[in-house]
Amino acid sequence: MEKILIVDDDMHIAELMDLYVSKEGYETKKVYNGTDALKENEAFRPDLILLDVMLPGLDGYRVLGEIRKTSNVPVIMITAKGETFDKVLGLELGADDYIVKPFDPKELVARVKAVLRRYPGSAKKGSIIEFEGLLIDPESYEVIYHGRKLDMPPKEFELLCFIASGPNRVFTRDTLLDKIWGYEYVGDTRTVDVHIKRIREKFDKEDSWNIKTIYGVGYKFEV
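Residues numbered from 1 in each chain as written. Predicted model: local features only at pLDDT ≥ 70, side-chain atom pairs only at ≥ 80, totals over all residues. Heavy atoms only, no water.

Caption draft 1: The arrangement of the side chain of D18 in detail. Relative to the assigned elements, D18 resides in helix α1 (residues 11-23). A distance of 2.9 Å separates a polar atom in the side chain of D18 from a polar atom in the side chain of K30. Filtering out sequence-adjacent residues up to four positions away, D18 remains in contact with I6, T28 and K30. (Helix = DSSP H or I, 4+ residues; strand = E, 2+ residues; numbered from the N terminus. Polar contact = N/O pair within 3.5 Å; in protein donor to acceptor, adjacent residues only side chain to side chain. Contact = heavy atoms within 4.5 Å.)

Caption draft 2: Representation of helix α9 (residues 190-200) within the structure. Every buried residue of α9 is listed here: T191, V192, H195, I196 and I199. The buried residues of α9 occupy an angular sector of 130° when projected down its axis, which confines them to one face. Pointing more than 90 degrees away from the buried face of α9 are the exposed residues R190 and K197. (Buried < 20%, exposed > 50% of the residue type's maximum accessible area, 1.4 Å probe, protein only. Arc of directions from axis to C-beta.)

Caption draft 3: Looking closely at the nonpolar core. Membership of the largest hydrophobic core comes to 28 residues, with the highest contact counts inside it found for L134, I136, L160, F203, I211 and F221. At the level of secondary structure, the elements contributing two or more residues to this core comprise β6 (129-131), β7 (134-137), β8 (142-145), α7 (154-164), α8 (173-181), α9 and β12 (218-222). By residue number, the principal contributor to this core is α7, which donates 6 residues. If we skip the residues at most four places from it in the chain, F203 touches L134, Y145, L150, M152, L160 and W209. (Core = buried A, V, L, I, M, F, W, Y, C linked by side-chain atoms within 4.5 Å.)

Written as structure tokens, this is what we have:
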């Protein structure tokens, strides 16, 4: 049974989310502040977190930042704020989706199912990807480069893993945006460019492989 941690300071909304999510067969736990959210992420070990932004003490963005230091658990941000800036900030910090209050509970359930499907649980069980001087382990989310472990945030890792799993195949920016951030992402394809730039900065230019820009189209992992 997959486990979902619900984090919202509004007890009525937390109960509503709990009611609809638990009806789908998920095991749930509710907390009402950011400090308890961090504690339960370690103790409860959820498969997904529904995280409100406006929390007392540690807000949702700070909670997400702390979670991303040690965990790749999928996170759906939930807030009454609907501004584009808030959405982009949450997703750039490593959220997997974003839903604005008031929401239809059925939509919430659909988003939960979609994120759990999209989250690379299948990749975790996949084979290690290896090229000269490079090892990508989808199970442990580790990248070993010439014997040295690289510090790589989850979205950078998922992007690298995705394109490296299809060497010499060209992926459009729209495809990468959809596969890594999901069709509900409110940003644009520049997000892909920024993450590719960060990934490239971690590698030398003398390797027998590289991430090549296909101008006007997208990128490919060229070997």
